Amino acid sequence: MNGRLTPLPEDWRRALAIVAHPDDLEYGAAAAVAHWTASGKEVSYLLVTRGEAGIATMEPGEAARVREAEQRASAAVVGVGSVEFLDHRDGVIEEGVALRRELAAAIRRHRPELVVTLNHHDTWDGVNWNTPDHRAVGRATLDAAADAGNRWIFTDLADRGLRPWDGVRRVAVAGSPQPTHAVEVGEQDVERAVASLAEHRAYIEALSGREPAEYARDVVTGVLDSVAPRADGRRAVAFEVHPRG
Ligand SMILES: [Zn+2]
C-alpha cells in the first residue's frame, strides 16, 4: 500500500453498483456513493442475493425479508432510490454465462457510465480468504460491462428490447487489495455512510453484538482513515479501476 491514488474522475452521470449481498456496499463504498449523489449523480444498486445465509441465528426466509428491508433503508440514506434484487441463493452464486446475461441485462436497462462492484480477488489483503459469492459477482460484473455493449452477445436480450449499451467507461472495484484510484469524501458523506451501515441493524447485532451506530462509526471511519495516507491525508474510498473504451 504505497503511492498516491489517482482521483476517480467525476465526468459521468449514472452509476450502477452490483454486489452479492446486502451490506457489501456499506463497508466503505457507500461514502463514495453519498459523495456522488450529493453532487447530483444518479446511483442504483443491484443485489444478486438477499443475504439470507448471513445471520446464523435467523432462518433464511426471515433473514431474506429483514435484510432486503435493511438494504433498502441503507440505500435511501445515501440517496439511492433504485434497489433491485436478483433471486440467486446466498452462498452458492455461480459465476458463468447465466449470471453474465442477468448482469448485462441490468447494465443495458440502467445505461451507466460507471459500474461499481466489490473485491473479486481470492483474498481481501493477501491473507484473508474472500467468499465465492464476491469472487463470482465481481468477475461476472467486469465481464458483463463488456457483454452489455456487444450486440452479438446475448442477442435474446435485444429481442426483449434491451439494446446494447457500450457506454460503461469504467468499472470500479471496492475493497480491492490493489487499489488504483480514490474518492475523497467530506464530513457529511462520512456521516451518511455511517448511518447507511447502521441500517443493517439485525445483521450487525447478530454479527458483533454491538450497538449498530457505534459499530458502524468504528468500521466506516476505520476504512476511510486507512486510505488517507494515499489520498493527501483526506478520508477516502479506494477503488481498483478498470477503464473501458
Ligand atoms: Zn458479501
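Residues numbered from 1 in each chain as written. Predicted model: local features only at pLDDT ≥ 70, side-chain atom pairs only at ≥ 80, totals over all residues.

- In the annotation of an unreviewed UniProt entry, the chain is listed under the name PIG-L family deacetylase and assigned to Streptomyces taklimakanensis.

1. Observations concerning the pairing of strand S8 (residues 236–243)
Phase 1: Most of S8 is tucked away: six of the eight residues are buried.
Phase 2: By the bridge criterion, five bridges tie strand S6 (residues 170–174) to S8 in an arrangement that is antiparallel. Following the sheet pairing, Arg170 is matched in S8 by Pro243.
Phase 3: By the bridge criterion, four bridges tie strand S7 (residues 181–184) to S8 in an arrangement that is antiparallel. Counted as the bridge partner of His181 is Phe239 from S8. (Buried ≥ 20, exposed ≤ 12 C-beta atoms within 10 Å, placed from the backbone. Helix = DSSP H or I, 4+ residues; strand = E, 2+ residues; numbered from the N terminus. Pairing = 2+ DSSP bridges.)

2. Considerations on unusual backbone geometry
Phase 1: Within the chain, Arg111 stands out as a residue other than glycine whose phi angle is a positive 50 degrees.
Phase 2: Summarising the element assignment, Arg111 is placed in the loop between helix H3 (97–110) and strand S5 (114–118).
Phase 3: By C-beta crowding, Arg111 is classed as partly exposed, having 15 other C-beta atoms within 10 Å.
Phase 4: Unusually for a residue other than glycine, Asp232 sits at a positive phi of about 55 degrees.

3. A few points about the pairing of S5
Phase 1: In terms of burial, S5 is largely enclosed, as five of its five residues are buried.
Phase 2: Side chains of S5 alternate between two faces, with Leu114, Val116 and Leu118 and Val115 and Thr117 buried alike.
Phase 3: Sheet topology places strand S2 (residues 14–19) next to S5; three bridges connect them, and they run parallel. By the bridge assignment for S5, Leu16 is matched with Val115.
Phase 4: Pairing between S5 and S6: five bridges, direction parallel.

4. A few points about the nonpolar core
Phase 1: One finds Val33, Ile107 and Val237 to be the most contacted residues of the largest nonpolar core, which totals 71 residues.
Phase 2: Beyond its immediate stretch of four places on either side in the chain, Val33 contacts Leu25, Val43, Val78 and Val80. (Core = buried A, V, L, I, M, F, W, Y, C linked by C-beta atoms within 7 Å. Contact = placed C-beta atoms within 7 Å.)

5. Looking at the environment of Gly149
Phase 1: With respect to the helices, strands and loops of the structure, Gly149 is situated in the loop between helix H4 (132–147) and helix H5 (155–159).
Phase 2: With 18 C-beta atoms counted inside 10 Å, the residue Gly149 sits in the partly exposed group.
Phase 3: Expressed as a C-alpha distance, the spacing of Gly149 and Trp165, which sit 16 residues apart in the sequence, is 4.5 Å.
Phase 4: In contact with Gly149, not counting residues within four places along its chain, are Pro164, Trp165 and Asp166.

6. A closer look at helix H1 (residues 29–38)
Phase 1: Counting buried positions over the ten residues of H1 gives eight, a clear majority of the element.
Phase 2: Listed in full, the buried residues belonging to H1 are Ala29, Ala30, Ala31, Ala32, Val33, Ala34, His35 and Trp36.
Phase 3: Following H1 by one or two positions, Gly40 has its phi on the positive side, about 95 degrees.

7. What to know about helix H8 (residues 212–227)
Phase 1: Compared with an ideal rise of 1.5 Å per residue, which puts 16 residues at 22 Å, H8 spans 23 Å between its outermost C-alpha atoms and is within 8% of the ideal.
Phase 2: Taken residue by residue, H8 has Pro212, Tyr215, Ala216, Val219, Val220, Val223, Leu224 and Val227 as its buried positions. Looking straight down H8, one finds its buried side chains confined to an arc of 140 degrees; they lie on one side. Exposed residues lying more than 90 degrees from the buried face of H8 are Gly222 and Asp225.
Phase 3: The elements touched by buried residues of H8 are H1, S7, helix H6 (187–198), helix H7 (201–208) and S8. (Expected span 1.5 Å × (residues − 1). Arc of directions from axis to C-beta.)

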